[in-house]
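Descriptive analysis of the structure
Here are the chains, one letter per residue:
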Number of protein chains: 2
Amino acid sequence: MVTKRPTMAEIAREANVAISTVSKVLNGHTDVSVATRKHIEQLLADRGYQRPHASRRPGRRSDLVDLVINELDSVWGLSILTGVEEVVEAAGLGLVVSSVHNRESLTRRWLESLLARGSQGAILVLSELSEHQRAELSRRSMPFVVVDGVSQPPPDVPSIGATNFAGGYAATEHLVGLGHRRIAAIGGPEQLQCTRARIAGYRAALESAGLVADRHLVRYGNFHHDGGLRAMAGFLALPDPPTAIFAGSDQQATGVYEALRQAGRSVPHDVSVVGFDDLNFAEWTAPPLTTVRQPLHEMGVAAARTLLRIIAGERIESTRIELATRLVVRESTAAPALLPL
Amino acid sequence: MVTKRPTMAEIAREANVAISTVSKVLNGHTDVSVATRKHIEQLLADRGYQRPHASRRPGRRSDLVDLVINELDSVWGLSILTGVEEVVEAAGLGLVVSSVHNRESLTRRWLESLLARGSQGAILVLSELSEHQRAELSRRSMPFVVVDGVSQPPPDVPSIGATNFAGGYAATEHLVGLGHRRIAAIGGPEQLQCTRARIAGYRAALESAGLVADRHLVRYGNFHHDGGLRAMAGFLALPDPPTAIFAGSDQQATGVYEALRQAGRSVPHDVSVVGFDDLNFAEWTAPPLTTVRQPLHEMGVAAARTLLRIIAGERIESTRIELATRLVVRESTAAPALLPL
């Protein structure tokens, strides 16, 4: 259903205020009474008001969109950033990048900055988007898209993700196909949606192969090197250790490598290892890491394209896009050795 | 010497034009005759005109600075970005990030964008800053600072670097101290200033220890994994291979690891390896990599602070700042095995 979106003037008329008052509310100025502000915000939301920036002055190089990320210091986020920058640059817009370091106070400040500089929209790469943050963005009619690596936002929020279940399935199926029977999995933090989906994929692949998922062979980490190191040390202490590991992330896989090196075991002769993400360093590990490629650059591209369509006033067909993961086989996986460890 | 900087009005009076004409020239508008533009540009340069943005409206959140980088897709550049973002965010400014992919056309476009959006200044992380680019920035009185990982800009350009010679010296001294006598070095591209300084440091440390630098033990790569892999394969083919390697970057070091793994040699038992940079993955290699830490985050911080000082109209004492490198000893280096390889 296509409904005509109201103009600022129509909202002002309906609220019986000046257009400048509506503009003040949209731009977060504080010199409007609380009652008036609330009334206007309600009208804007009810009538589906949308900022006309993009259509009024398309492709002006001074126009900006924002990328907000929890922590800049991760190769994971960098890959998304490259995709976003590519699309935003090609559209002749500037990309303002900021990091909120998981601090709620910075998130508020960022929202004020975004309004003050007249940003046309935002791409959010946040581990959690709070109800409050979402409400603030909606109140200001600020278009936004969420890239979720870790949790899945509510269905009405435009979001880009990856097929985590299929990735966990493919990794495990590959190990089963090589002849492994005792296959362990390391998840990220247990409460995260992506961890659950990857581990569910692992379990489903084992079941399809008629194997029983041994609960001692699933551990949860933190997606980082030390999480993989600790989990693998735990597996090695089992009376009957696994011969293959689905590591949950490439960083965890490097921790698995290190635990095996410390124990004098070699990859893949003694133990096969599969990562998740295919970050740039996955090719540089010794041996090069077999991993599930998460198309992070392409997720950035898709997020930016979706945002530009929303800014241009287009209706998007689906608020949720999941891009396909893909197994990349390198040299860290092989058939199990004949003798048990 | 402190000279009073002229205002736009003074420049206009001297050129016998309207203030708006000077403003047009500063902002790159094309509706000014070539002769007038050239005359005004010359005056601006001669009189040391500086844009007054920052002092007029300090810390407005809509104010922007730009970071321009050759390629976003590198952990190296990411580390610099995190430092820049930290300072810019704290100053209440927005950071526009763009990548020029080594394409001259994009560099021109970026310069237009920067003027159109009224950016207050720019931090350039470019492998080469052309004479043309520098002239364009100066003509527009646009403050800028160069972060050089690879080449050293002319002395009048504000720039931030690292002590590459000292880093090469420290890496080699460490290997000599462990008892190694046949120590090889892998540089980045030979023509780069940073490669020359690191290799010079390596040679100086050998000489200090009374060792002769064997010319067969120095190879040049490309700073990437494959460069390290090829160089190490070459060293292993020598009649008397080295027992220790100073790799010119962490990425090259991962290539050295892989060449050794393929040859059935272990790190550090058979060969010790030192990297350069201390990128985040250096801790995750198996074994964790001994490396020369280049303070990339801090270089970003220093670049942003210097830029903000220039924008605020402060005179900076030194146009060249070199931050100290530091050896970080992890597990990839040990005394040589008693038997030759």
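Check the entry above for the structure.
A short tour of the structure in this document, coming up. Worth saying up front: this structure is predicted, and the values here are computed from it rather than measured.

All right, on to the nonpolar core then. Residues Ile123 of chain A together with Ile123 of chain B are the most contacted members of the largest nonpolar core, which totals 66 residues. If we skip the residues at most four places from it in the chain, isoleucine 123 of chain A touches Asp66, Leu67, Val68, Val84, Val145, Val147, Ala303, Ala304 and Leu307 of chain A. Membership of the second largest hydrophobic core comes to 35 residues, among which are Leu175, Ala184, Tyr202 and Val292 of chain A.

The next thing to look at is the sheet that holds strand β10 (residues 290-293) of chain A. Residue and element names in this part refer to chain A. Here we have six strands laid out as an open sheet, ordered β7-β6-β8-β9-β10-β12, and mixed in their pairing. Taken across any chain shown, the strands that pair with only one partner, and hence form the sheet edges, are β7 (218-220) and β12 (326-328). Between one strand axis and the next, the sheet turns by 20 degrees as a mean value, whatever way the strands run. With three bridges connecting them, β10 and β12 associate as antiparallel partners. Pairing of threonine 291 across the sheet is with valine 328, part of β12. Contacts between helix α11 (residues 250-262) and the sheet are confined to β6 (183-187), β8 (244-246), β9 (272-277) and β10, with β9 contributing the most and set at about 155 degrees to the helix.

This brings us to unusual backbone geometry. Most of the time, phi is negative for any residue but glycine, and the peptide bond is trans. Following valine 267 of chain A, the chain continues into proline 268 of chain A via a peptide bond in cis, with omega recorded as 0 degrees. Structurally, proline 268 of chain A can be placed in the loop between α11 and β9. Cis geometry marks the peptide bond from alanine 286 of chain A to proline 287 of chain A; its omega dihedral reads 0 degrees. Here the phi dihedral of asparagine 16 of chain A falls at roughly 60 degrees; this positive angle occurs in a residue that is not glycine. If you check the backbone angles, phenylalanine 223 of chain B has positive phi at about 70 degrees while not being a glycine. Locating phenylalanine 223 of chain B in the fold gives a position in the loop between β7 (218-220) and α10 (225-236).

The next subject is helix α10 (residues 225-236) of chain A. For α10 of chain A, with 12 residues, the first-to-last C-alpha span of 17 Å sits near the 16 Å given by 1.5 Å per residue. For α10 of chain A, every residue scored as buried is listed here: His225, Gly227, Gly228, Ala231, Met232, Gly234 and Phe235 of chain A.

Turning to the interface of chain B and chain A, a few remarks are in order. Each partner contributes to the interface: chain B provides 41 residues, whereas chain A provides 41 residues. Buried surface at the junction of chain B and chain A, summed over both partners, amounts to about 3,500 Å²; 59% is from carbon and sulfur atoms. Counting every contact that joins chain B to chain A gives two salt bridges. Where glutamate 331 of chain A meets arginine 261 of chain B, a salt bridge forms, and the shortest distance between an N and an O atom there is 3.0 Å. Linking chain B with chain A are six residue pairs in polar contact (both at pLDDT 80 or more). Looking at the side of chain B that touches chain A, the elements with two or more residues in it are α5 (75-90), β2 (94-99), α6 (104-116) and α11 (250-262) of chain B. With seven residues, α5 of chain B is the single largest residue contributor to the side of chain B that touches chain A. Residue classes in the side of chain B that touches chain A are distributed as 18 nonpolar, 13 polar and 10 charged.

The subject of this paragraph is the relation of the copies chain B and chain A. By a simple turn and slide, chain B fits onto chain A: the slide is 0.0 Å along the axis, the RMSD is 0.1 Å, and the turn is 180 degrees. Here the transformation between the copies is reduced to the relation of a two-fold axis. For chain B, the smallest separation between a C-alpha atom and the rotation axis is recorded for valine 96 of chain B, amounting to 2.1 Å. Residue by residue, 100% of the interface of chain B is reproduced at the interface of chain A, so both copies engage with the same surface.

Residues and elements named next belong to chain B. It is the contact of α10 with α11, at a shortest axis distance of 6 Å, that shows an interaxial angle of 45 degrees. Judged on the interaxial angle alone, α11 and α10 are oblique. Here α10 and α11 pass one another in a crossing that is right-handed. Two secondary-structure elements touch here, α10 through His225, Gly228, Leu229, Met232, Ala233 and Leu236 and α11 through Gln251, Gln252, Thr254, Gly255, Val256, Glu258, Ala259, Leu260 and Gln262. Split by residue class, the contact of α10 with α11 holds seven nonpolar, seven polar and one charged.

The next thing to look at is helix α12 (residues 296-311) of chain B. An ideal rise of 1.5 Å per residue puts 22 Å on 16 residues; α12 of chain B measures up with 22 Å between its terminal C-alpha atoms. Those residues of α12 of chain B lying buried are Leu296, Met299, Gly300, Val301, Ala302, Ala303, Ala304, Thr306, Leu307, Ile310 and Ile311 of chain B.

Our next topic: the packing of aromatic side chains. The tally for this structure, following the rule as stated, stands at six aromatic pairs over all chains. A ring pair is formed by phenylalanine 246 of chain B and phenylalanine 276 of chain B, whose centres lie 6.3 Å apart and whose planes are at 50 degrees; its orientation type is tilted. Highlighted residues: phenylalanine 246 of chain B in strand β8 (residues 244-247) and phenylalanine 276 of chain B in strand β9 (residues 272-277), separated in sequence by 30 residues. Across the ring face of phenylalanine 276 of chain A, the terminal group of arginine 198 of chain A is positioned such that the distance to the ring centre comes to 3.7 Å. Across the ring face of phenylalanine 235 of chain B, the terminal group of arginine 219 of chain B is positioned such that the distance to the ring centre comes to 5.4 Å.

So, on to the pairing of strand β5 (residues 159-162) of chain A. Residue and element names in this part refer to chain A. Of the two faces of β5, the one holding Ser159 and Gly161 and the one holding Ile160 and Ala162 are both buried throughout. Where strand β4 (residues 144-147) and β5 come together, two bridges link them in parallel fashion. Within β5, the residue paired with valine 146 across the bridge is serine 159. Pairing geometry for β5 and strand β11 (residues 320-323), over four bridges, is parallel. Bridge pairing in β11 links glycine 161 to glutamate 322.

To continue, consider the side chain of glutamate 258 of chain A. Here glutamate 258 of chain A is to be found in helix α11. In terms of polar contacts, glutamate 258 of chain A uses its side chain to reach the side chain of arginine 261 of chain A, at 3.0 Å. Those residues in contact with glutamate 258 of chain A that sit more than four places away from it in its chain are His225 and Leu229 of chain A together with Thr285, Ala286, Pro287, Pro288 and Glu331 of chain B.

All names here are of chain B. Here the structure, examined in full by the defined rule, presents 37 salt bridges over all chains. Measuring nitrogen to oxygen at the nearest pair gives 3.5 Å for the salt bridge that ties arginine 140 to glutamate 41. Taken together, the positions of arginine 140 in the loop between α7 (131-139) and β4 (144-147) and glutamate 41 in helix α3 (residues 34-47) put the pair 99 residues apart, joining distant regions of the chain. Like glutamate 41, arginine 140 is buried. With a closest N to O distance of 3.4 Å, aspartate 226 and arginine 230 form a salt bridge. With a gap of four residues between them, aspartate 226 and arginine 230 both fall in helix α10, about one helical turn apart. Taking relative accessible area as the criterion, aspartate 226 reaches 32% and is therefore assigned partly exposed.

Rules used throughout
- Residues numbered from 1 in each chain as written.
- Chains lettered and ligands numbered in written order.
- Predicted model: local features only at pLDDT ≥ 70, side-chain atom pairs only at ≥ 80, totals over all residues.
- Heavy atoms only, no water.
- Core = buried A, V, L, I, M, F, W, Y, C linked by side-chain atoms within 4.5 Å.
- Buried < 20%, exposed > 50% of the residue type's maximum accessible area, 1.4 Å probe, protein only.
- Contact = heavy atoms within 4.5 Å.
- Pairing = 2+ DSSP bridges.
- Helix = DSSP H or I, 4+ residues; strand = E, 2+ residues; numbered from the N terminus.
- Axes fitted to C-alpha atoms, helices over the stretch in contact; angles between N-to-C directions.
- Expected span 1.5 Å × (residues − 1).
- Buried area = accessible area lost by both parts, 1.4 Å probe.
- Salt bridge = Lys/Arg side-chain N within 4 Å of Asp/Glu carboxyl O.
- Polar contact = N/O pair within 3.5 Å; in protein donor to acceptor, adjacent residues only side chain to side chain.
- Nonpolar A, V, L, I, M, F, W, Y, C, P; charged D, E, K, R; others polar.
- Least-squares fit on C-alpha atoms with pLDDT ≥ 70 in both.
- Parallel < 35°, antiparallel > 145°, perpendicular 65-115°, else oblique.
- Left-handed = near helix turned anticlockwise from the far one by under 90°.
- Phe/Tyr/Trp six-rings, centres within 6.5 Å; stacked < 30°, edge-to-face > 60°.
- Lys NZ or Arg CZ within 6 Å of the ring centre and 35° of its normal.

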